[in-house]
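For reference, the chains in residue letters:
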There are 2 protein chains.
Amino acid sequence: MTKSLKDKTLQEQVYENLKLGLLNGEFKPGVSVTIRGLAEELGVSAMPIREALRRLTTERALVLTPTGRVRVPCMTRKKLNQLVSARICLEKQAAIDAIPYIDDEMIEALSLLNDEIDQCIERNDYQAYLQKHRRFHFTLYQAAPSDVFMPLIESVWLQVSPFLSLTLSLEHLQSYNTNDRHVEIIQALGDRDATGLGFAIEADIRHGIGSLSEKDWPGGG
Amino acid sequence: MTKSLKDKTLQEQVYENLKLGLLNGEFKPGVSVTIRGLAEELGVSAMPIREALRRLTTERALVLTPTGRVRVPCMTRKKLNQLVSARICLEKQAAIDAIPYIDDEMIEALSLLNDEIDQCIERNDYQAYLQKHRRFHFTLYQAAPSDVFMPLIESVWLQVSPFLSLTLSLEHLQSYNTNDRHVEIIQALGDRDATGLGFAIEADIRHGIGSLSEKDWPGGG
DNA sequence: TGGCAATATTTGTGATCACAAAAACTGGAT
DNA sequence: ATCCAGTTTTTGTGATCACAAATATTGCCA
């Protein structure tokens, strides 16, 4: 019983580990990550790290410098605008595709997640908030079984997460609570209203990013 | 003068090599590719192949079997529908984002490519047709400098290419020429008409795939 | 103190190997 | 011929190493 079919490879474990770290804001934009550094930190050899980093750079969650070094990408205003555009068009479509698969159970689950998000904000638990918020969106998009949209959406989330975690603090969440938009999403789902759902998704995404004012932008132009 | 900054790594060369092969329809859906096989074929060691394959599986251009084998993915009707949806929403947005960067020179270039596409069809040159067709779309989407939409769009193209090359033959191209749709695209670009451009892009994409009738689908269900 | 050349260290890439699991093949029994 | 157990071959994964380029550090001189 050394290794079985269901055992994930080391490379896969490292990948998921790093991906969660990125989504949870544990990596600050600009810092560089090294193969040997992570290998020692995670207690594995270089190979699984290399492969995990290769995957993450392919997804643009990390970027390669011209000399092959790996780092957490820095955000620019132009890039943020395009990432928002990408999120809107992909997630709108994914949500609309999900409509035929929405049942009462799913609506119940989303409502519960939405309540939990509120509670996270009240008790100032940023980590839990990020998780619940992510789960709210991803369970919706995954309602329609497909391996097409989710990888694309995940790539975009990975690209915005380090920046958002850096700038969007709990104060933002308290004053710009996304809860109302999520209620609109659930409402539209209940009505099987594709158009309304599209608007609600777009509003939610814009709202989440739009609360960033100029002075929130990290230093240096 | 052994290696300089501009020299691409072996891994990068292998990746681009395989990517082009995929886009040009040189890999049939269902066949499996092996590290050692490609290593011998391309005359490099296993490492560059491993990394290139890891990138391509991350992009869903290739897929991993439950036991870690790599193969060219097979198409299903459901997946094709979603890939078409993804192409439409991504490429619509990318084209619209390109509008501010369109000048006469770009329109000239696109018109030329469109003519060349016609010539490829006339002289039955499928390889050249695929290249020109790809270049038409990608030069348009790349008019707006960005590293956000292109990787997403490329991933989707990589996923449809092996299947399309298998099913869409030259006969299809002759009877369902995409030329008219491309003219609409160029027209809308000239008018800076975002709405019209969106419709034209969607029509072009649907048209390219929609010409597939049931009997064109490869065997077995 | 500030700039710069020489040196030392860190880093990614590519190569090679052992290993275990999976797949392909073989041969015999029914 | 068909099925199945036993064997051989193929395959991906992970580990380790050499190497050269990039980066960091040092120490000297103006």
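The preceding data block contains the structure.
What's the story with the overall build of chain A in this structure? I'm lost.
Scanning chain A from terminus to terminus reveals 10 helices and 3 strands. What you see in chain A, going N to C, is helices and strands ordered as α-β-α-α-β-β-α-α-α-α-α-α-α. C-alpha atoms of chain A, sized along the principal axes, occupy 55 × 50 × 35 Å. Burial status across chain A gives 51% buried among its 221 residues. Intrachain contacts of chain A at a sequence separation of at least 6 include 74% that bridge at least 24 residues. About 11000 Å² of surface is accessible on chain A, with carbon and sulfur atoms providing 50% of the total.

I tried to follow a negative patch on the surface on my own but got confused; where do I start?
Taken together, the side chains of Asp103, Asp104, Glu105 and Glu108 of chain A make up a negatively charged region of the molecular surface. Mapped onto the fold, glutamate 108 of chain A is located in helix H5 (residues 104-122).

I'm lost on the interface of chain B and chain A in this one. Help?
When the parts of a complex come together, some accessible area is lost, and that lost area is often taken as the interface size. Facing the 31 residues of chain B at the interface are 31 residues of chain A. Surface buried jointly by chain B and chain A totals about 2700 Å² across both partners, of which 62% is contributed by carbon and sulfur atoms. Three residues stand out in chain B for area buried against chain A, namely Arg54, Gln82 and Val148 of chain B, and they jointly supply 21% of the buried area on that side. Put simply, chain B and chain A have 4 salt bridges between them. Between arginine 54 of chain B and glutamate 51 of chain A there is a salt bridge, and its shortest N-O distance comes to 2.5 Å. For the pair chain B and chain A, the interface holds 6 residue pairs in polar contact (both at pLDDT 80 or more). Broken down by element, the residue count for the side of chain B that touches chain A peaks at 9 residues, all from helix H4 (residues 77-98) of chain B. Of the residues contributing to the side of chain B that touches chain A, the split by class is 14 nonpolar, 8 polar and 9 charged.

Sorry if this is basic, but what is going on with the side chain of histidine 182 of chain B here?
Residue and element names in this part refer to chain B. By the secondary structure assignment, histidine 182 is in helix H9 (residues 179-190). Within the local environment of histidine 182, its side chain forms a polar contact with the side chain of asparagine 114, the two groups lying 3.4 Å apart. A polar contact of 3.4 Å, which involves the side chain of histidine 182, links it to the side chain of aspartate 204.

How do you make sense of the pattern of salt bridges when you look at a structure like this?
As a working rule, side chains carrying opposite charge can pair if their charged atoms are close by. Enumeration over the complete set of coordinates arrives at 20 salt bridges over all chains. With its nearest N and O atoms 3.2 Å apart, the salt bridge here joins glutamate 12 of chain B to arginine 55 of chain B. Placement of glutamate 12 of chain B in helix H1 (residues 10-23) and of arginine 55 of chain B in helix H3 (residues 46-58) is noted, with a sequence separation of 43 residues between them. Classification of glutamate 12 of chain B as partly exposed rests on a relative accessible area of 23%. Through salt bridges with shared partners, a single ionic network connects Arg50 and Arg54 of chain A together with Glu51 of chain B.

Explanation requested: the layout of surface pockets in the structure shown.
Rolled over the atoms, a probe as big as a water molecule pinpoints where empty space is left. Within this model, the second largest pocket holds a volume of roughly 1600 Å³. Every residue lining the second largest pocket is counted, 43 residues in all, and those nearest its centre are Arg54, Leu64 and Gly68 of chain A together with Gln11 and Glu12 of chain B. Put simply, the parts of the chain that give the lining of the second largest pocket at least two residues each are helix H2 (35-42), helix H3 (46-58) and strand S2 (63-64) of chain A together with H1, H3 and helix H7 (149-167) of chain B. In terms of residue count, H1 of chain B provides more of the lining of the second largest pocket than any other element does, 6 residues in total. Among the residues forming the lining of the second largest pocket, the class breakdown is 15 nonpolar, 11 polar and 17 charged.

Looking at this model, I keep getting lost on the sheet that holds strand S1 (residues 32-33) of chain B. Mind explaining?
The strands making up a sheet are joined through hydrogen bonds of the backbone, oriented either antiparallel or parallel. Residue and element names in this part refer to chain B. The strand order across the open sheet formed by 3 strands is S1-S3-S2, and the pairing between neighbours is antiparallel. Here the strands that pair on one side only, and so sit at the sheet edges, are S1 and strand S2 (63-64). In this structure, S1 lies alongside strand S3 (residues 70-71), joined through 2 bridges in antiparallel fashion. Across the sheet, the residue bridging to valine 33 is valine 70, located in S3.

Help me understand the relation of the copies chain B and chain A, please; the structure alone is not making it clear to me.
The relation between the two chain copies is a rotation about an axis coupled with a shift along that axis. Rotating chain B by 180 degrees about the axis while translating it 0.0 Å along that axis superimposes it on chain A, leaving an RMSD of 0.0 Å. Such a turn and shift between the copies fits a two-fold axis. Both copies share a contact surface, since 100% of the interface residues of chain B are interface residues in chain A too.

Parameters and conventions
- Residues numbered from 1 in each chain as written.
- Chains lettered and ligands numbered in written order.
- Predicted model: local features only at pLDDT ≥ 70, side-chain atom pairs only at ≥ 80, totals over all residues.
- Heavy atoms only, no water.
- Helix = DSSP H or I, 4+ residues; strand = E, 2+ residues; numbered from the N terminus.
- Buried < 20%, exposed > 50% of the residue type's maximum accessible area, 1.4 Å probe, protein only.
- Contact = heavy atoms within 4.5 Å.
- Areas by Shrake-Rupley, 256 points an atom, 1.4 Å probe, with all protein chains shown as cover.
- Patch = residues over 30% accessible without salt bridge, like charges linked within 9 Å, V, L, I, M, F, W, Y side chains within 5 Å.
- Salt bridge = Lys/Arg side-chain N within 4 Å of Asp/Glu carboxyl O.
- Lys, Arg positive; Asp, Glu negative; His and termini not counted.
- Charge placed at Lys NZ, Arg CZ, Asp CG, Glu CD.
- Buried area = accessible area lost by both parts, 1.4 Å probe.
- Polar contact = N/O pair within 3.5 Å; in protein donor to acceptor, adjacent residues only side chain to side chain.
- Nonpolar A, V, L, I, M, F, W, Y, C, P; charged D, E, K, R; others polar.
- 1 Å grid on protein atoms, 1.4 Å probe; cavity = no way out; pocket = protein on both sides within 12 Å on 5 of 7 lines; lining within 4 Å.
- Points joined across faces, edges and corners; volume = space filled by probe spheres on them.
- Pairing = 2+ DSSP bridges.
- Least-squares fit on C-alpha atoms with pLDDT ≥ 70 in both.

In short, shape yes, function no, at least from these values alone.
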